[in-house]
Amino acid sequence: MAMTGVLIYSPQLLYDVASAIGKEVRGKHNDYVKAGNYSSRTGASCFSPVINIVRDSRWGRIQETYGEDPFMNGKLAESYINGLQGNDSRFVQATGGCKHFDVHGGPEDIPSSRFSFDAQVSERDWRMTFLPAFRQCVRAGTFSVMCSYNRINGVPACANGKLLTEILRNEWNFTGYVVSDEEALENIISKHHYLNNSVDTAAACVNAGCNLELSPNLLQPVYLSIVDAVMQGKLSEDLVRERVKPLFYTRMRLGEFDPPENNTYTKLSNADVETPEHQALAIEAASKSFVLLKNQNHVLPLNADAFKTVAIVGPMAHNYSQIFGDYTPLQDRSFTKTPLQGLQTLFPGIKYQAACLDGTQCTSYNPQVIPEVVAGADLIFVALGTGTAVEAEGHDRPNLELPGHQKDLILDVLKYSGNARVILLLFNAGPLNVTFADESEQVDAILECFFPAQATGDALVNVLINKGGNYSPAGRLPITWPKYEWQLPPMVNYSMEGRTYRYMLSDPVYPFGYGLSYSNFTYDLLAVVSYTQPKADVEVGLFFTNQGPVDSDEVVQCYISWQNQSLPVPQRQLVYFNRVNVKVGVQVHLSFNVSWESWTFWDNGQWVIQAGIMNIYCGGQQPFQKKSVPSNVIDDSFEIYSTVYMDKI
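Quick caveat: nothing in here was measured; it's all calculated off a predicted structure. (Residues numbered from 1 in each chain as written. Predicted model: local features only at pLDDT ≥ 70, side-chain atom pairs only at ≥ 80, totals over all residues. Heavy atoms only, no water.)

**Thoughts on the overall build of the protein**
When you go through the protein residue by residue, the secondary structure sums to 17 helices and 22 strands. Its C-alpha atoms give the protein a radius of gyration of 25 Å, near enough to 26 Å, the size a compact globule of 649 residues would have. Its C-alpha atoms give the protein principal-axis dimensions of about 80 × 60 × 50 Å. Within the protein, the fraction of its 649 residues that count as buried is 60%. (Helix = DSSP H or I, 4+ residues; strand = E, 2+ residues; numbered from the N terminus. Rg over C-alpha atoms; globule rule 2.2 N^0.38 Å. Buried < 20%, exposed > 50% of the residue type's maximum accessible area, 1.4 Å probe, protein only.)

**Description of the side chain of Thr129**
Looking at the element boundaries, Thr129 is found in helix H4 (residues 123-130). A distance of 3.0 Å separates the side chain of Thr129 from the side chain of Arg502, its partner in a polar contact. (Polar contact = N/O pair within 3.5 Å; in protein donor to acceptor, adjacent residues only side chain to side chain.)

**Overview of the pattern of salt bridges**
For the structure on display, the rule yields 27 salt bridges. Between Glu64 and Arg61 there is a salt bridge whose closest N-O contact spans 2.7 Å. The class for Glu64 is buried, based on a relative accessible area of 9%. Put simply, Arg61, Glu64, Glu108, Arg114 and Glu393 are held in one network by salt bridges that share partners. (Salt bridge = Lys/Arg side-chain N within 4 Å of Asp/Glu carboxyl O.)

**Some points on the sheet that holds strand E22 (residues 644-646)**
Pairing is antiparallel in the open sheet, where three strands are placed in the order E18-E19-E22. Unpaired on one side and paired on the other, strand E18 (601-603) and E22 mark the two borders of the sheet. On average, adjacent strands in this sheet sit at an angle of 40 degrees to one another, irrespective of strand direction. Judged from the three bridges that link them, strand E19 (residues 606-609) and E22 form a sheet pairing that is antiparallel. Looking at the pairing, Ile609 lines up with Val644 of E22. (Pairing = 2+ DSSP bridges. Axes fitted to C-alpha atoms, helices over the stretch in contact; angles between N-to-C directions.)

**A closer look at the sheet that holds strand E10 (residues 379-385)**
The six strands are arranged E7-E12-E11-E10-E8-E9 in an open sheet whose pairing can be described as mixed. Strand pairing shows two members of the sheet lacking a second neighbour, strand E7 (291-295) and strand E9 (351-353), which therefore form its edges. Here the strands of the sheet are splayed against their neighbours by 15 degrees on average, with no regard to which way each runs. Two strands pair when backbone bridges link them, and E7 and strand E12 (residues 445-448) are joined in this way by four bridges, in the antiparallel orientation. Note on E12: the bridge partner recorded for Val291 is Glu448. Packed onto the sheet, helix H14 (residues 406-416) meets strand E8 (310-313), E10 and strand E11 (421-427) and runs at close to 170 degrees relative to E10. Those strands touched by helix H16 (residues 456-465) are E10, E11 and E12, and its axis lies near 140 degrees from that of E12. (Contact = heavy atoms within 4.5 Å.)

**Side note on the UniProt feature "domain: Fibronectin type III-like" (unreviewed entry) in the protein**
Within the UniProt annotation, "domain: Fibronectin type III-like" (unreviewed entry) is assigned to residues 554-622. The span residues 554-622 is 0% helix and 61% strand, and its two end C-alpha atoms sit 14 Å from each other. (UniProt positions renumbered as here; feature names shortened; annotations may be inferred.)

**Some points on helix H10 (residues 237-253)**
Taking 1.5 Å per residue, 17 residues should reach 24 Å; H10 reaches 25 Å between its end C-alpha atoms and fits that length. Among the residues making up H10, those that are buried are Val240, Arg243, Pro246, Leu247, Thr250 and Arg253. On the buried face of H10, the contacting elements are helix H6 (161-171), strand E6 (177-180), helix H8 (198-208) and helix H9 (226-231). Downstream of H10 by a residue or two, Gly255 has a phi angle that is positive, lying close to 85 degrees. (Expected span 1.5 Å × (residues − 1).)

Written as structure tokens, this is what we have:
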């Protein structure tokens, strides 16, 4: 759900989805308990959400996280945690756990292993890019945080006292528990070679702030050496007791020690899984996640009656296993529709060929079927992408090219397509090199679908025809799509210089926040009210209008920049986003605050608010983009009158 969750750019819809997930998790858990089943993956404590920053487009786990922006990841983590955990004052529905803490975003396996990788990061990048989303997750009330596999500046994350105690507990006042990633404590010995025995490792991790070991069911996990560490004076019994307290507090909040009738969440069961309401919510979320990257001559939305012969080709056209992404639940496939199955409801006679004989890897390609399937077609869908066969946990991509012979496939389609309309459907998480398709006049539209899971077929139909006038696309990219391979620094380089929209100076093919609509919006007025105190929020009023031709959602985005660009700050920073439905001809007025924390930056070991002029830009996209949507961006400015220095925020 992570990638789909961010594409919708709607904190409220993500809250609704997380609430449904929490209900299903708790319902299954309750039935497992009644059956006496306490095996793996039957609990009510979730290792979710993943909120790591996407700093490299080749990283294999992009599909699990929200995107490249710290502010956005933090706000969405807040919505997810609140929805998942429920709103009962005494009991919690299911507990959240933000991961992977911290400075974790590749490599998985290219060019080195995540199990032994040492992320060398500057204090400024750590504080301004990799930590803020986790701080917001803590503020939202997460019960746990998972420490990551990697080292941070030489010290394994799960044995890192600066990370787990000084920052997490002392600066942020976190009172929950830290759980290790699976086998991360063993890796401290066997992969990092940081320590050479379980007693010292148990002492180091407990002392640093790791409460719970997640072991791969080893007979002798590291934390079985805690007693020996205490006996040898390397760990105090009092600290061990303190580390256990949050674990039992979590169990109490889950209601494990209360009569079931006192806890409203114990009434949930498997009957609350895949309810019609949850299926409809899955379709809504998927439909709102699609990003329209190209729409030449307004070929979309389609008038289905205008096309007599339709074809779909490609390895993602009818591929159940690859439209779900990684870490999907066990699920009855009867709830799922593939792109082909969805399109068959519009075009019953649609012709189909996968052409790639080994799925999305497409190392074995049969070009002979292309002219056969597209001959005489007046509408052709090309369904390409990756899936977990190409990008997943433990598996990075070496580059951004379409896998295997997929580019050959679409070029062959264009060769034999004649005058047909050609629509490229992409199912992937990390950016792909489709610059040739973006620039080709033969490719009429490009629709980025990501991994819509069970709702794929229904969501695709909704967006392609704007079903009921309710599905004008308003998904926006949460990741910058580089245009050239040279725009990517080496994977192992953890400097943010040149990475993400905040620090990238060259033009991408698609910028962060980009996405087209079936309608057009005009931003009319931006008014900013600021105060003399540096640590005071700014009040913003924004007016914008749907100029037509259809009712549509619009994703409002506001960014700030420092007029003094000699400061150690990003070139711009997202400070507000929301998704709003607007009827044709209606002007909307939004009022919101921008937090003073948005203009803090880290310099010389402390947080700083620098006196000076701040610029603010609001619209349906980033300002100053070569690839832009057909709406305007308006701007204003405000002044910070004095400089402030702080130890923490």
